[in-house]
Amino acid sequence: MAIEISNYISMAIRSALPILICGIGLVFGSRAGIVNIGAEGFMLIGAFMGVVGSYLFSSAWIGVLVAMLSSMLISLIFAYFTVTVKADQVVVGMGINMLAIGLTTTLFRRLFGMNTEPIKIESFSPLAIPGLSDIPILGTSLFTQHAPAYLIFLCIPLASFILFRTDIGLKVRAVGEHPRACDTVGINVFKVRYGAILFSGLMAGFAGAYLTLGLLNFFVEDLMAGRGYMAVAAVVFGKYSPVGVMLAALIFGAGDALQYRLQAGGSVIPYQFLLMIPYVLTILAICGFVGENKGPAAMAQPYIKE
Amino acid sequence: MAYLEMKQITKVFPGVVANDNINFSVEKGEIHALLGENGAGKTTLMNILYGLYRQTSGEIWINDKKVAITSPKEAIDLGIGMVHQHFMLIPALTIIENVVLGMKENKQILDLKRAASDVCAEAAKYDMTIDPFMETWKLSVGQQQRLEIIKALYRGVKLLILDEPTAVLTPQEVSVFFTMVRKLSEEGHTVIFITHKLPEVMQLCGRCTVLRHGKLETTVNINDVKNKQELARLMVGKDVEFSVQKTPAVPGEEVLSIKNLNARNNKGLPALKNVSFDVHAGEILGVAGVDGNGQSELVECLTGLRKIDSGVIRIMGVEIPKLAARTILEQGVSHIPEDRHRRGMLKDMSVKENLILMNYFKEPYSTKGFLNWKWISGYAQELCKEFNVKTPSIEEKADKLSGGNQQKFIVGRELERKPKLLIAMHPDRGLDIGATKYIQSRIVAARDSGSAVLLVSTELDEIMELSDRIIVMYEGGIIGLIDDPQVTREYIGLLMAGTRPQDSLEWMSPCP
Ligand SMILES: Nc1ncnc2c1ncn2[C@@H]1O[C@H](COP(=O)(O)OP(=O)(O)OP(=O)(O)O)[C@@H](O)[C@H]1O
Ligand SMILES: [Mg+2]
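Predicted model, so just to flag it, every value in this text is computed and none were measured.

### Notes on the packing of helix H7 (residues 167-177) of chain A against helix H9 (residues 189-216) of chain A
All names here are of chain A.
So, step 1. Look at H7 against H9: their axes get within 10 Å of each other, and the N-to-C directions meet at 110°. As judged from the angle between their axes, H7 and H9 are roughly perpendicular. Each of Lys171, Val172, Val175 and Gly176 in H7 lies in contact with H9, whose residues at this interface are Val189, Val192 and Arg193.
So, step 2. In terms of residue class, the contact of H7 with H9 is made up of 4 nonpolar, 1 polar and 2 charged.

### Some details on the packing of helix H1 (residues 2-31) of chain A against helix H11 (residues 242-264) of chain A
Residue and element names in this part refer to chain A.
So, step 1. Packing of H1 against H11 leaves a shortest axis separation of 6 Å and a crossing angle of 135°. Between H1 and H11, the angle is such that the two are oblique. The hand of the H1/H11 crossing is right-handed.
So, step 2. Split into classes, the residues belonging to the contact of H1 with H11 amount to 19 nonpolar, 3 polar and 3 charged.

### So, helix H2 (residues 39-57) of chain A
Residue and element names in this part refer to chain A.
So, step 1. For H2, spanning 19 residues, the distance from its first C-alpha to its last is 26 Å, which sits close to the expected 27 Å at 1.5 Å a residue.
So, step 2. With 15 of 19 residues buried, H2 lies mostly within the body of the structure.
So, step 3. Trailing H2 by a residue or two, Ser58 shows a phi angle of about 55°, which is positive.

### Overview of the packing of aromatic side chains
So, step 1. Per the stated rule, a full pass over the model turns up 19 aromatic pairs over all chains.
So, step 2. Ring centres 5.0 Å apart and planes at 85° place the aromatic pair Tyr55(A) and Phe112(A) in the edge-to-face group. With Tyr55(A) in helix H2 and Phe112(A) in helix H4 (residues 89-112), this pair connects stretches of sequence that are 57 residues apart.
So, step 3. Overall, the relative accessible area of 40% leaves Tyr55(A) in the partly exposed class.
So, step 4. Since its relative accessible area comes to 9%, Phe112(A) is described here as buried.
So, step 5. Relative to Phe112(A), the ring of Phe108(A) has its centre 5.4 Å away and its plane inclined at 50°; by these criteria the two rings are tilted. Taken together, the residues span about one helical turn, with Phe108(A) and Phe112(A) both in helix H4 at a distance of 4 residues.
So, step 6. The buried category is assigned to Phe108(A), whose relative accessible area is 13%.
So, step 7. Ring-pair connections join several aromatic residues into one group, and the members of that group are Phe48(A), Tyr55(A), Phe108(A), Phe112(A) and Phe219(A).
So, step 8. Here the basic side chain of Lys7(B) rests over the ring of Trp61(B), its NZ or CZ set 4.2 Å away from the ring centre.
So, step 9. The ring of Tyr3(B) carries Lys28(B) above its face, with NZ or CZ at 5.6 Å from the centroid.

### Re the site of ligand 1
So, step 1. Not every one of the 22 residues close to ligand 1 is listed here, only the nearest: Lys42(B), Thr43(B), Thr44(B), Ser402(B) and Gly404(B).
So, step 2. More than a single chain frames ligand 1: its nearby residues are located in chains A and B.
So, step 3. Separating an oxygen atom of ligand 1 from a side-chain N or O atom of His196(B) is a distance of 2.9 Å.
So, step 4. One of the backbone nitrogen or oxygen atoms of Gly404(B) is found 2.7 Å away from an oxygen atom of ligand 1.
So, step 5. Of all elements in the fold, only strand E2 (16-26), helix H1 (42-49) and helix H14 (403-416) of chain B reach the threshold of two or more residues within the shell around ligand 1.
So, step 6. By residue number, the principal contributor to the shell around ligand 1 is H1(B), which donates 3 residues.

### Describing the pattern of salt bridges
Residues and elements named next belong to chain B.
So, step 1. Summed over the entire model, instances satisfying the criterion amount to 34 salt bridges over all chains.
So, step 2. Of the charged contacts in the structure, one is a salt bridge between Asp239 and Arg233, with a shortest N-O distance of 2.7 Å.
So, step 3. A relative accessible area of 39% places Arg233 in the partly exposed class.
So, step 4. Several salt bridges share partner residues, and in doing so they unite Lys246, Arg447, Asp448 and Asp468 into one network.

### Some details on empty space enclosed by the protein
Residues and elements named next belong to chain B.
So, step 1. A full pass over the atoms with the stated rule returns 1 cavity of 30 Å³ or more.
So, step 2. Quantified by volume, the largest cavity comes out at close to 40 Å³.
So, step 3. Taken together, Gln85, Phe87, Gln145, Glu164, Ala167, Arg340 and Arg429 make up the lining of the largest cavity.
So, step 4. Of the residues in the lining of the largest cavity, the class split is 2 nonpolar, 2 polar and 3 charged.

### Notes on the coordination of the magnesium ion (ligand 2)
So, step 1. Protein-derived ligands of the magnesium ion (ligand 2) are Thr43(B) (OG1) and Gln85(B) (OE1), with the metal-ligand distances lying across 1.9 to 2.2 Å. Of this pair, Thr43(B) sits in helix H1 while Gln85(B) sits in the loop between strand E6 (80-83) and helix H3 (95-100), placing them 42 residues apart in sequence.

### Structural notes on the domain arrangement of chain B
Residue and element names in this part refer to chain B.
So, step 1. Annotation of chain B at the domain level lists domain 1 (4-236) and domain 2 (340-417).
So, step 2. A separation of 30 Å is found between the C-alpha centroids of domain 1 and domain 2.
So, step 3. Taken residue by residue, the interface counts 12 residues in domain 1 and 11 residues in domain 2.
So, step 4. Carbon and sulfur atoms make up 43% of the area that domain 1 and domain 2 hide from each other, which totals about 760 Å².

### With respect to the sheet that holds strand E15 (residues 318-319) of chain B
Residues and elements named next belong to chain B.
So, step 1. Read from one edge to the other, the open sheet built from 4 strands follows the order E12-E11-E14-E15, with strand pairing classed as antiparallel. The open sheet has two edge strands, strand E12 (270-280) and E15, and neither has a second partner.
So, step 2. Of the strand pairs in this sheet, strand E14 (residues 310-315) and E15 are connected by 2 bridges, and their pairing is antiparallel. Bridge assignment links Arg314 to a residue of E15, and that residue is Glu319.
So, step 3. Of the strands in this sheet, strand E11 (254-264), E12 and E14 are in contact with helix H9 (residues 295-302), which crosses E11 at around 120°.

### Quick word on the nonpolar core
So, step 1. Leu20(A), Phe177(B) and Cys208(B) are the most contacted members of the largest nonpolar core, which has 139 residues in total.
So, step 2. Broken down by element, this core gets its largest block of residues, 13 residues, from H9(A).
So, step 3. The contact partners of Leu20(A), leaving out residues within four places of it in the chain, are Ile152(A), Phe153(A), Ile156(A), Val245(A), Met246(A) and Ala249(A).
So, step 4. Counting residues in each nonpolar core, the second largest holds 33 residues, with Met345(B), Tyr365(B), Ala380(B) and Ala435(B) among its members.

Thresholds, definitions, all that
Residues numbered from 1 in each chain as written. Chains lettered and ligands numbered in written order. Predicted model: local features only at pLDDT ≥ 70, side-chain atom pairs only at ≥ 80, totals over all residues. Heavy atoms only, no water. Axes fitted to C-alpha atoms, helices over the stretch in contact; angles between N-to-C directions. Helix = DSSP H or I, 4+ residues; strand = E, 2+ residues; numbered from the N terminus. Parallel < 35°, antiparallel > 145°, perpendicular 65-115°, else oblique. Contact = heavy atoms within 4.5 Å. Nonpolar A, V, L, I, M, F, W, Y, C, P; charged D, E, K, R; others polar. Left-handed = near helix turned anticlockwise from the far one by under 90°. Expected span 1.5 Å × (residues − 1). Buried < 20%, exposed > 50% of the residue type's maximum accessible area, 1.4 Å probe, protein only. Phe/Tyr/Trp six-rings, centres within 6.5 Å; stacked < 30°, edge-to-face > 60°. Lys NZ or Arg CZ within 6 Å of the ring centre and 35° of its normal. Near = heavy atom within 4 Å. Polar contact = N/O pair within 3.5 Å; in protein donor to acceptor, adjacent residues only side chain to side chain. Salt bridge = Lys/Arg side-chain N within 4 Å of Asp/Glu carboxyl O. 1 Å grid on protein atoms, 1.4 Å probe; cavity = no way out; pocket = protein on both sides within 12 Å on 5 of 7 lines; lining within 4 Å. Points joined across faces, edges and corners; volume = space filled by probe spheres on them. Donors = N, O, S within 2.8 Å, 3.2 Å for Na, K, Ca; no water. Domains from an automatic or database assignment. Buried area = accessible area lost by both parts, 1.4 Å probe. Pairing = 2+ DSSP bridges. Core = buried A, V, L, I, M, F, W, Y, C linked by side-chain atoms within 4.5 Å.

Right, dumping it as structure tokens:
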């Protein structure tokens, strides 16, 4: 039983991580007034490029780096269309998602061929923290994660600090609320929004790479299963704060892990219903199940100077 | 040469020439007034100087150097600061965050505590107290105005542009504010001051530039101007009537009755304490008081925008606290809100659409759920003409109108509904003298045709001129009810400051 619980928690955290990593980036984007549906596509690019990087350089970390840079490049396209051209953010986001599916599918088939046996890539292996990981149940589940997991959990207080206590964080929050007022105090609204979007891209790339190099250990076409959208939902659910996103992601992760558990345990409930668990949670979150939850006031509005 | 020179500035918006070949110069250290009717182009000219708009043609020279100001950042780098007509505050941020936002001096890790004590000290110099860690959305309009001024002063600018900074300040606040502006000018700062209140110009400014219909009318020395009538003539081009004709009120039945009303403010503290009064058909009840003494909360309770703790509010005998805002309006209530941007209009919708917000679902605005655009356009056109709303067309986005013209269409819309009860808060905020007099006469006309009017204003002169009875609010309660026309300004001023004169005069009937 103890092993069961420990495995479950461990699985929940691992399922939560891609959503969490992507979500941290999205918090900054959302705070700057960007609705980033394109997160799904950014993450998919990251997932694919992570595999490519790891395959070419035989290092999961280099895979992550390649993934982050690639997703950032894609997010630059998103930024150009939404901030400079002032196109609708949701439309551009959907476009990016379709582009990402096409691009990764095509490139995957070109590079690795079709229907060949799974390619060999370097992926992350669990890293037990000496001492801590010996604690029963919690120790094994919390402290035998992959290296990026520790990194991300350490990043959460840092992200909170940056968002709420630094000058750049204040600018990001202000730009999402009232871009014109920011303009009048000399802030370059476009620069801040570009920065926030690029950072979202960077983190989405990381999230994607973790998905393929930490969680699944392979790349298949269409492997996202809506995790990017769930990250967007987690940001809303988490009331646009890093800590909130962490809690939201963990809840989603718990739902996901539950679904695996129940399936494996031969539940009487048809598996289709189990598969729905994370998505039902997402819908509840988006529907404002968390009570009054006002997003940034200038959400999704392009800033137009005179 | 002058410190600041704007040469042959022209600014064309689609359908409007807002500035037409304007030459404007200001000397170092002077307090220079910029006057003109609503829509004359004052804000536009200053927005060009501040880098918010780019001029279509013309040059700006500062200290004999030609400068290209393409963004507020460049203006700020040149030492220019601006208090905007429509506040540039971010409601979700705290006061101190609003003050330091975007400052070059900020360290990467913000020390808000230090900044807060600096700002409080700066504010104290001008007799202002602020709670730096309060969220800005909780502030009343007057408090926001003061915050904007502090924000500009804290930045230590060389040239300060003030676009209608006194529109919602009380006389006391205005005099403190003037002391501070004079001090700035003595220290060598240059101030450009936009206002519609001519006595302020006479009192404070050295020179004055007048714009009319986007063109430069003249620049005069205030010493050469005999009185405010002369200034008004320069602005409007003809003589202006300063007083409003008014006959004694003939009060009818009770329209609004409030008994022991208690409510809390946005901070959760008691804002209204056992407030009771009534307003009758055919009278104007003025609510005087320093801003922030419960007036905003009172109006919000009456219009269904704030929950009450206890008490009874009846409009035409119907108890309203449980009703939705729409139902209250349907009782025949009109509301001119204190903050036109927050509660009076939808910025991104056209003037025409803004004019039907309360009525779109009724005949003849719509039939069976379909809007009668043809009829609505005609109606909007009429209303704009009647209230002299200057706009290139009724299709213009409300946001693009000058501040005073936005106010005019809101007031027009509310008066046009022929209310049984008109709740008007700062109804002539930002209106030029002509428009102010017109609106005031319309309010009196509404009274004469049987409306009950609740007039809330921080401007004592307006209250005294229009009201048939006056209540004075202080710290959430009613400190005095005055129905003698002979009562003096000074006396009301004392009540507003919270002192209840000892000799209980017989016309003073304190509320239960
Ligand atoms: N952003 C804009 N787009 C289009 N037209 C505009 C814009 N800003 C101002 N205008 C037009 O320019 C003219 C001048 O407006 P401005 O705001 O400068 O007037 P103002 O003198 O400040 O008036 P008020 O006393 O009412 O504030 C108005 O007719 C207005 O409709
Ligand atoms: Mg103006």
